[in-house]
Amino acid sequence: ANVSTVVKEGKAAILFPSANEVFYNPVQEFNRDLTCAVITEFARELLVQRGVKLVVPGEEDRVVVSLGEEEVEEEKKEEEEEEEEEKNGADEPALTATVGEKCEGLRVLEGLAASGLRSVRFALEVPGLQSITANDFSAKAAALIARNAMYNGVSHLIQASCKDASMLMYEMRGKKQRYDVIDLDPYGSPATFLDAAVQAVSDGGLLCVTCTDMAVMAGNSGETCYSKYGSVSIKSKYCHEMALRIILHSLDQRAGVYQRYIQPLLSISADFYIRVFVRVFTGQATVKNSASKQALVYNCTGCGSFYLQRMGRRTSNGRHGTRSTSCKAQVFVKVDVIKTASLLLQLGGPLWAEAIHDLTFVQKVLSALSANPGRFGTSKRIEGVLSMVTEELEDVPFYYTLDSLSSSIRCNTPPMLQFRSALLHAGYKVSLSHACKNAIKTDAPPATMWDIMRCWEKIHPVKREKLSNTSPSFRILSKEPSLEACFTVREDANPQSRRRHLTRFQENPQAFWGPKARAKAGGGISDNLQDKRKKFQNKRKNQITESSELKKFPCKKFRKGTCTYGDQCSYSHDSVEVDSNEAVITALVEFNNKFPI
């Protein structure tokens, strides 16, 4: 094979052909690093029950990164207690699992492996694995996977496969054949693979899914989103979190068909994609509560306020636990912010309305990362994002943005800390969101949010005479606030992640940082994506810089007999093909000359 490049990422070194036959995107390094970290903690939880201890490189001589000396002393005490427990425990030493070593551990499937980079990294960086099936529908990709596995010395762990990913998962859906971890990272939408994936993952197994079709999931095409995920997306400020909740809803709905349900561990919106990690369990009784975990969202087109309506309601059923019943819609009674019939509510969903993270699990991943910061190339960003995740309010779906709130009433934007402090002073909870830089996630109702904005507008008044009487801003400001907002900054208004200046929202390290061109199935040499963009730029448009060049083009109005400029017309009247009924056209021209518009 004509190999021209060797790409190094993490512990792996991957051979790439010069032709664009196999897809690779360096932007997804954060995705792959995070996946390695999550699978490691998942394996640690699962294998400790079997008496197997994971040995992760860098953890044995780790340097603890903490805020103060007290935390260091506490961790030392915990380590000493753990060592004493091990000494006082069984005489036989616990089994250990190291990276690159085959053991009775997790069976992993990467359904769309491309070059096999992710699978090779699993083999070299994640301990406690029994086997890795790296599958791709392209024969050239499968051959490259086998070569890269051999090149990195992990052929004993990685098995290259060349099958349709869905068919492979359908074949392995038997209880004894299922995979402990399934990773799906397709080019575009994963919708076609989800039905097979929820069947082929073991009971309590981990399902990792990436969606890069954000235009569809973030509201640009609600109909397409419904056809793929069974949910209507809305183009709103909280669209990135809505995308996460849509994919979780789709996974839970498809799992429910097979008496299975999901438990989200971590759901991330980053760059141009979303990534979710969920555990899949089997249980008919729990599946019956699925409706109460979904909700419809009503979004006001005027002020941007949103209201959630659960699809079901969980009620106690004595010794039989809980059951879910249908709900009566009460959302229309609540919409009193603007009080106008001319503004409509957009309907979105259904979507996942429960917690999208398991904070206990996220904290374990974060602790392991803080104790071993040199493990990944994007460790700083992972620490920043996961720190924000641990600070997010669990039971509050969606968020407002400061710029949209101020834009709705045409006033200047309040500082983040002052607005957060006003909500805290009013007795409500508030947090940021990892999905949006200036997000306000709070349990305060929309009416309270607008009361605070009205109080802010009194301090920084807008010119009311410039507001239309029918505009949302006029209607909102015409009502007096029912509470007196206090904008004095509180210390707890500034979260730890922000105070420590962690890398939360990374700037693009280079130009054109984002999705790459799809790999060519035929294996021909592909143009650079930027060259391709230049090639097709203004394809249907001939830009004209000088007015004299317009004379090269015929005058359409003259052809119809409606041009009144005569010789002063910028377009040509010479080469115009006159319509068949010349007498009528001549009469129209004369009429237009006598009575110009």
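Residues numbered from 1 in each chain as written. Predicted model: local features only at pLDDT ≥ 70, side-chain atom pairs only at ≥ 80, totals over all residues. Heavy atoms only, no water.

On to the overall build of the chain, then. On a plain count of helices and strands, the chain comes out with 21 helices and 19 strands. Counting only residues that meet the buried cut, the chain has 49% of its 597 residues in that class. Taking the intrachain contacts of the chain between residues at least 6 apart in sequence as the baseline, contacts between residues at least 24 apart amount to 69%. (Helix = DSSP H or I, 4+ residues; strand = E, 2+ residues; numbered from the N terminus. Buried < 20%, exposed > 50% of the residue type's maximum accessible area, 1.4 Å probe, protein only. Contact = heavy atoms within 4.5 Å.)

The next subject is the side chain of Arg 420. Along the chain, Arg 420 falls in helix H15 (residues 416-425). Summary of buried charges: Arg 420 has no salt-bridge partner, and the nearest side chain of opposite charge, Glu 391, is 6.9 Å away. Other than its neighbours up to four places away in sequence, Arg 420 contacts Val 430, Ser 431, Leu 432, Ile 440, Asp 492, Ala 493 and Pro 495. (Lys, Arg positive; Asp, Glu negative; His and termini not counted. Salt bridge = Lys/Arg side-chain N within 4 Å of Asp/Glu carboxyl O.)

The next point concerns the packing of helix H1 (residues 29-48) against helix H3 (residues 117-125). Direction vectors running N to C along H1 and H3 enclose 40 degrees, while the axes themselves pass 10 Å from each other. If you check the angle between H1 and H3, you find them oblique. For the crossing formed where H1 meets H3, the hand is right-handed. Here Glu 29, Asn 31, Arg 32, Asp 33, Thr 35, Cys 36, Ile 39 and Thr 40 of H1 come into contact with H3, specifically with Leu 117, Arg 118, Arg 121, Phe 122 and Glu 125. Tallied by class, the residues present in the contact of H1 with H3 amount to four nonpolar, three polar and six charged. (Axes fitted to C-alpha atoms, helices over the stretch in contact; angles between N-to-C directions. Parallel < 35°, antiparallel > 145°, perpendicular 65-115°, else oblique. Left-handed = near helix turned anticlockwise from the far one by under 90°. Nonpolar A, V, L, I, M, F, W, Y, C, P; charged D, E, K, R; others polar.)

Let us now look at the sheet that holds strand S18 (residues 430-433). The strand order across the open sheet built from three strands is S17-S19-S18, with neighbouring strands paired in antiparallel fashion. Each of the sheet's edge strands pairs with one partner strand only, and the pair in question is strand S17 (400-401) and S18. Pairing between S18 and strand S19 (residues 436-442): three bridges, direction antiparallel. Counted as the bridge partner of Val 430 is Thr 442 from S19. Packed onto the sheet, H15 meets S18 and S19 and runs at close to 10 degrees relative to S19. (Pairing = 2+ DSSP bridges.)

The subject of this paragraph is the sheet that holds strand S13 (residues 306-310). Taken together, three strands build an open sheet; the order of strands is S13-S12-S16 and the sheet is antiparallel. The sheet is open, and its two borders are formed by S13 and strand S16 (345-352), each paired with just one other strand. The mean inter-strand angle of the sheet, taken between neighbouring strand axes irrespective of direction, is 25 degrees. On the sheet, helix H9 (residues 239-256) packs against strand S12 (294-300) and S16 and is oriented at approximately 50 degrees with respect to S16.

Once that is clear, we can look at the packing of aromatic side chains. The tally for this structure, following the rule as stated, stands at seven aromatic pairs. When the centroid spacing of 4.4 Å and the interplanar angle of 25 degrees are considered together, the rings of Tyr 238 and Phe 398 count as stacked. Of the two residues, Tyr 238 sits in the loop between helix H8 (222-229) and H9 while Phe 398 sits in the loop between helix H13 (379-391) and S17, which places them 160 residues apart along the sequence. With relative accessibility at 2%, the residue Tyr 238 sits in the buried group. Ring plane angle 70 degrees and centroid distance 5.2 Å describe the contact between Trp 456 and Phe 487, whose orientation is recorded as edge-to-face. Note that Trp 456 is positioned in helix H16 (residues 446-459) and Phe 487 in the loop between helix H17 (472-477) and helix H18 (496-499), a separation of 31 residues in sequence. Relative accessible area serves as the criterion here: at 11%, Phe 487 is assigned to the buried category. Among the aromatic residues, those joined into a ring-pair cluster are Tyr 238, Phe 306, Phe 398 and Tyr 400. Across the ring face of Phe 30, the terminal group of Arg 381 is positioned such that the distance to the ring centre comes to 4.3 Å. (Phe/Tyr/Trp six-rings, centres within 6.5 Å; stacked < 30°, edge-to-face > 60°. Lys NZ or Arg CZ within 6 Å of the ring centre and 35° of its normal.)

Another aspect to go through is the nonpolar core. Met 169, Ile 182, Leu 207, Ile 247, Leu 251 and Phe 419 are the most contacted members of the largest nonpolar core, which totals 79 residues. Among the elements that take part in this core, H9 stands out by supplying eight residues, more than any other. Apart from residues lying up to four places away in sequence, Phe 419 is in contact with Leu 402, Leu 405, Pro 414, Ile 440, Met 449, Ile 452 and Met 453. Ranked by size, the runner-up nonpolar core spans 56 residues in total, among them Ile 132, Ile 158, Leu 386 and Val 389. (Core = buried A, V, L, I, M, F, W, Y, C linked by side-chain atoms within 4.5 Å.)

Moving on, we get to H3. With nine of nine residues buried, H3 lies mostly within the body of the structure. Within H3, burial applies to Leu 117, Arg 118, Ser 119, Val 120, Arg 121, Phe 122, Ala 123, Leu 124 and Glu 125.

Counting all residues, the mean pLDDT for the chain is 84, and 78% of those residues have values of 70 or more. In the model, residues 522-526 has pLDDT below 50 throughout and makes eleven contacts with residues more than four positions away in sequence or in other chains. (pLDDT = per-residue confidence, 0-100.)

Here we come to the packing of H8 against H9. Interaxial distance between H8 and H9 falls to 10 Å at its minimum, and their mutual angle equals 30 degrees. Classified by the angle their axes make, H8 and H9 are roughly parallel. Contact residues: H8 offers Cys 225, Lys 228 and Tyr 229, while H9 offers Ile 246, Ile 247, His 249, Ser 250, Gln 253 and Arg 254.

Inspection of the secondary structure puts Ser 189 in the loop between strand S8 (179-184) and helix H6 (191-200). A distance of 3.1 Å separates a polar side-chain atom of Ser 189 from the backbone nitrogen of Ala 191. A polar side-chain atom of Ser 189 sits 2.8 Å from a polar atom in the side chain of Tyr 229. Residues contacting Ser 189, with those up to four places away along its chain left out, are Asp 213, Lys 228 and Tyr 229. (Polar contact = N/O pair within 3.5 Å; in protein donor to acceptor, adjacent residues only side chain to side chain.)

Next up on the list: the pattern of salt bridges. For the structure on display, the rule yields 22 salt bridges. Between Glu 354 and Arg 310 there is a salt bridge, with the nearest N and O atoms lying 2.6 Å from each other. On the criterion of sequence distance, the pair formed by Glu 354 in the loop between S16 and helix H12 (359-371) and Arg 310 in strand S13 is long-range, its members being 44 residues apart. The class for Glu 354 is partly exposed, based on a relative accessible area of 21%.

Looking now at the environment of Ala 149. Note that Ala 149 resides in helix H4 (residues 139-151). On the basis of relative accessibility, which here comes to 3%, the residue Ala 149 falls in the buried class. Measuring from C-alpha to C-alpha, the distance between Ala 149 and Ile 14 comes to 8.8 Å, with 135 residues separating the pair along the chain.

Locating Gln 130 in the fold gives a position in strand S6 (residues 129-135). Separated by 29 residues in sequence, Gln 130 and Glu 101 place their C-alpha atoms 8.3 Å apart. Other than its neighbours up to four places away in sequence, Gln 130 contacts Lys 102, Cys 103, Glu 104, Gly 105, Leu 106, Arg 107 and Leu 157.

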